[in-house]
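# Inside the fold
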Amino acid sequence: MTDARLLADLHAAAESVWQDVVPLCPGFAVEVLPRIDSTNSELMRRARDGALHPLLLVAAEQNAGRGRQGRQWHSQPGAALTFSLGLPLQPAEWSGLSLAVGVALAEALHPQVQIKWPNDLCWQGRKLGGVLVETVSLGAQRYAVIGVGLNLHAPPLPPDGVLGPGMPALPAAGLLDLMPDAPKGVGHWLRRVAAPLLRQALDFEAQGFAHLVPRYAARDALMGRPVRLSDGREGVADGVRADGALWLATASGRSAVWQHEVSVRPC
């Protein structure tokens, strides 16, 4: 798809998303950019400058997209959907937001899409996409930036096959591998996930993550599997707690693992 057609596709999808969402979220806006370093970085910059309104920022191309632990997410035009949703939120507890986002995305995409704690979307053990949640606090206000990257086509592995220190890269897949008959344009996928994601974010603000645990469990890619944490611990993944922490079962019992402590890979 040429750049002009890609942008036209995204603009049409953005208008459709705006019409669906603005009744639920007054002041909501959608912005489409041809290219940028990172939609998350841009919304974080704007938020620090005081722009805290609800905004969906979509890029046809990112050249410095970010994942957890400083990993980069490269997107080629038309090969991936990359966007960030910025929202002023005031939940009672913030823990579990990335898992709530994962539930919304997985359910909007396909029954076979699973969630690998804490922020990956997977199919048949391969990574379809990921989520990066960041926040900015300005006085009493806190602004959440929810970044999403979804592969339409599987990207190549990095040359060394490694995404981070000592952690091998998951093999990748694209949504069109899972659904080869689906529309090929990125606009279709933006329409498919954007409104459910915003609704889930607002639901999380009102109710937190605890009521989503059964829905998460139905998509849990790690449940019952042996895992190794980046700090060297090993055990069996045993679901998630009501606050979003991963339960790790070992010979000495169960312990909670927090999102900011570890990366998880099946052994």
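Each value, and the rule that gives it
Residue positions are counted from 1 within each chain, in the order its sequence is given. Under the rules for a predicted model, residues below a pLDDT of 70 receive no local features and side-chain atom pairs below 80 are neither given nor counted, while totals for whole chains, interfaces and linings still include all residues. Excluded from the side-chain calculations are hydrogens and water; all other atoms, namely the structure's heavy atoms, are used. Under the DSSP-based scheme used, a helix requires at least four consecutive residues in state H or I and a strand at least two consecutive residues in state E, with every element numbered from the N terminus. Each residue gets one of three labels from its accessible area relative to the maximum for its type: buried under 20%, exposed over 50%, partly exposed in between, using a 1.4 Å probe on protein chains only. Note on definitions: a residue-residue contact is assigned when non-hydrogen atoms from the two residues lie within 4.5 Å. Using the Shrake-Rupley algorithm and a 1.4 Å probe, accessible areas are obtained, with residue cover drawn only from the displayed protein chains. What a helix should span is 1.5 Å times the count of its residues minus one. By definition, the arc is the one covered by directions from the helix axis to the C-beta atoms. The convention used is that axes are lines fitted to C-alpha atoms, helices contributing only their stretch in contact, and that angles between N-to-C directions extend from 0 to 180 degrees. Crossings are classed by handedness, with left-handed meaning an anticlockwise turn of the near helix from the far one by less than a right angle and right-handed meaning a clockwise turn. Classes in brief: Ala, Val, Leu, Ile, Met, Phe, Trp, Tyr, Cys and Pro nonpolar; Asp, Glu, Lys and Arg charged; the others, Gly included, polar. Bend is computed residue by residue as the angle between axes fitted to the seven residues ending at the residue and the seven residues starting at it. Under this scheme an angle from 65 to 115 degrees is roughly perpendicular, one under 35 degrees roughly parallel, and one over 145 degrees roughly antiparallel; angles in between are oblique. Think of a nonpolar core as a cluster: buried Ala, Val, Leu, Ile, Met, Phe, Trp, Tyr and Cys residues, connected wherever their side-chain atoms sit within 4.5 Å. Strand pairing is assigned whenever DSSP identifies at least 2 bridges connecting the two strands. Predictor confidence is given residue by residue as pLDDT, running from a minimum of 0 to a maximum of 100. We define a salt bridge as a side-chain nitrogen of Lys or Arg found within 4 Å of a carboxyl oxygen belonging to Asp or Glu.

### Some thoughts on the overall build of the chain
- Looking only at helices and strands, the chain has six helices and 16 strands in total.
- Taken over 267 residues, the chain has a buried fraction of 51%.
- Taking as baseline every contact in the chain between residues at least 6 positions apart, the subset at least 24 positions apart corresponds to 66%.
- By element, 53% of the accessible surface of the chain is carried by carbon and sulfur atoms, the whole surface being about 11500 Å².

### As for helix H1 (residues 3-21)
- Helix length check: H1 (19 residues) gives 26 Å between terminal C-alpha atoms against 27 Å at 1.5 Å per residue, within 8%.
- Among the residues making up H1, those that are buried are Leu6, Asp9, Leu10, Ala13, Ala14, Val17 and Val21. Taken around the axis of H1, the buried residues stretch over an arc of 140°, which confines them to a single face. Facing away from the buried side of H1 by over 90 degrees, the exposed positions are Ala4 and Arg5.
- The inward-facing, buried residues of H1 abut strand E1 (29-33), strand E2 (55-59) and helix H5 (186-207).

### Considering the packing of helix H3 (residues 97-109) against H5
- Where H3 contacts H5, the two axes come as close as 9 Å, and the packing angle between them is 145°. Of the two elements, H3 crosses H5, and the hand of that crossing is right-handed. Contacts between H3 and H5 involve Leu97, Ala100, Val101, Val103, Ala104, Leu105, Ala108 and Leu109 from the first element and Trp189, Arg192, Val193, Pro196, Leu197, Gln200 and Phe204 from the second.
- Grouping the constituent residues of the contact of H3 with H5 by class yields 13 nonpolar, one polar and one charged.

### Quick notes on H5
- Between its first and last C-alpha atoms H5 spans 31 Å; for 22 residues at 1.5 Å apiece the expected length is 32 Å, and the two agree.
- Of all the bends found along H5, the most pronounced is centred on valine 193 and spans about 25°, while proline 196, a proline, follows it within four residues.
- Two residues or fewer after H5 comes glycine 208, characterised by a positive phi angle close to 75°.

### Here's the deal with the packing of H1 against H5
- Remark: H1 packs on H5, axes separated minimally by 9 Å, with the N-to-C direction vectors making an angle of 25°. Taken as axis vectors, H1 and H5 run roughly parallel relative to one another. Our pair here, H1 against H5, has a crossing hand that is right-handed. In this structure, H1 contributes Leu6, Asp9, Leu10, Ala12, Ala13, Ala14, Ser16, Val17, Asp20 and Val21 to the contact, and H5 contributes Val186, Gly187, Leu190, Arg191, Ala194, Ala195 and Leu198.

### Side note on the nonpolar core
- Grouped together as the largest cluster of nonpolar side chains are 67 residues, with contacts concentrated most on Leu56, Leu81, Phe83, Trp117, Leu121, Trp189 and Leu190.
- Looking at this core element by element, the count peaks at ten residues for H5.
- Ranked by size, the runner-up nonpolar core spans twelve residues in total, among them Ile36, Leu43, Met44 and Leu55.

### Digging into the sheet that holds strand E8 (residues 126-138)
- Pairing in this open sheet of seven strands is mixed, and the strands run E1-E2-E5-E9-E8-E7-E6 from one edge to the other. Both edges of this open sheet fall to E1 and strand E6 (114-116), since each of them pairs with a single strand only. For this sheet the average axis-to-axis angle between neighbouring strands, irrespective of direction, equals 20°.
- Packing of H1 onto the sheet brings it into contact with E1 and E2, and relative to E1 it is tilted by some 175°.
- Running over the sheet, helix H2 (residues 39-48) touches E1, E2, strand E5 (80-88), E8 and strand E9 (141-151) and is turned about 10° from E8.

### Quick word on the environment of alanine 60
- Residue position: alanine 60 is located in the loop between E2 and strand E3 (62-66).
- Between the C-alpha atom of alanine 60 and that of isoleucine 36, which follows or precedes it by 24 residues, the distance is 8.4 Å.
- Discounting chain neighbours no more than four positions away, the residues touching alanine 60 are Leu6, Leu7, Leu10, Leu33, Pro34, Gln76, Pro77 and Gly78.

### Some words on the confidence of the model for the chain
- Residues at a pLDDT of 70 or more form 87% of the chain, whose mean pLDDT is 89.
- Low pLDDT, under 50, characterises residues 159-168; the stretch is placed with 13 contacts to residues that sit more than four places away or in other chains.

### Thoughts on the pattern of salt bridges
- Tallying each qualifying case throughout the model produces 13 salt bridges.
- With a closest N to O distance of 3.7 Å, lysine 116 and aspartate 120 form a salt bridge. With respect to burial, lysine 116 and aspartate 120 carry one shared label: buried.
- Between arginine 228 and glutamate 234 there is a salt bridge, and its shortest N-O distance comes to 2.9 Å.
- The class for arginine 228 is partly exposed, based on a relative accessible area of 40%.
- A single salt-bridge network, built from bridges that share partners, covers Glu31, Asp37, Glu42, Arg45 and Arg46.

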